[in-house]
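Architecture and fold: a report
Now for the letters of each chain:
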Amino acid sequence: MSHSSSPGNPTSSSSSSSDSDWLTLSDEQLLAQCRLERFRVSGPGGQHRNRTDSAVRLTHAPSGAVGYASERRSQHQNRAMALSRLRRAIALEVRRDIKLDMYHPPLALQRVLPRSIRTEVPGKDRVGPRHREFWTGIGPLLDLFEAVGGSTADCAALIGCSSNQLAKLFASEPHLWAAANAARARFGLNPLRR
């Protein structure tokens, strides 16, 4: 598995297979792996904003990924938002090595694909960028995209969709779009076009 401290700057390290499923952990399990920092921030928002230490930063100890939130006056709300952003950071920054021979997309990845190309999730709704499980499927998608050297054609063929459908999926979320283009840049490929 490769870990990255920031998008576009991957570094390699090996870890046990138990570390490979961070995105599937419950909120409590993921929080147990994090350093929680509470602090006060200044800025616009009225006279009551952050009179208490309501800003939250979660640092995932195993991967180094960070989730931060300070928009709300409630520390509880900021912690939930920081956790959501931490899941996004793990999906975007932490890569797992995968084997391409006899590759089959995992169920979490299939749930983010258009309904017409999913094969094993009958009766389950597609999850989009606002759904809690979206990043659980995007992590494996970016693992595959990295494994095929940023080739949309190769990645699309392995998950059973067209390059255009894959590009639309990448374009559905700005952070995902940036991560896909950063991967392509690492392989010397032109950025995707909208």
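Everything that follows concerns the structure shown earlier in this document.
The structure contained in this document is the topic of the report that follows.

This part takes up the overall build of the protein chain. Scanning the protein chain for helices and strands turns up seven helices and five strands. Secondary structure elements of the protein chain, listed N to C terminal, follow the sequence β-β-α-β-β-β-α-α-α-α-α-α. Scored against the burial criterion, the 194 residues of the protein chain give a buried share of 43%. Counted over contacts in the protein chain with a minimum sequence separation of 6, partners at least 24 positions apart contribute 49%. As presented, the protein chain carries roughly 10500 Å² of accessible surface, and 49% of it is formed by carbon and sulfur atoms.

Turning our eyes to something else, we now look at helix α6 (residues 163-171). Buried within α6 are the following residues: Leu 166, Ala 167, Leu 169 and Phe 170. Seen from one end, α6 has its buried residues packed into an arc of 155 degrees, which puts them on one side.

This part is about the pairing of strand β4 (residues 55-60). Taken across its six residues, β4 has five buried, putting it largely inside the fold. Relative to β4, strand β3 (residues 34-39) is paired through six bridges, and the arrangement is antiparallel. Residue Arg 35 lies in a different strand from β4, and its bridge partner there is Thr 59. Here β4 pairs with strand β5 (residues 66-69) via four bridges, running antiparallel. Paired with Arg 57 across the strands is Tyr 68, a residue of β5. The antiparallel hairpin formed by β4 and β5 contains five residues in its connecting segment, where Gly 64 sits at a positive phi of about 85 degrees.

What counts as what
- Residues numbered from 1 in each chain as written.
- Predicted model: local features only at pLDDT ≥ 70, side-chain atom pairs only at ≥ 80, totals over all residues.
- Heavy atoms only, no water.
- Helix = DSSP H or I, 4+ residues; strand = E, 2+ residues; numbered from the N terminus.
- Buried < 20%, exposed > 50% of the residue type's maximum accessible area, 1.4 Å probe, protein only.
- Contact = heavy atoms within 4.5 Å.
- Areas by Shrake-Rupley, 256 points an atom, 1.4 Å probe, with all protein chains shown as cover.
- Arc of directions from axis to C-beta.
- Pairing = 2+ DSSP bridges.

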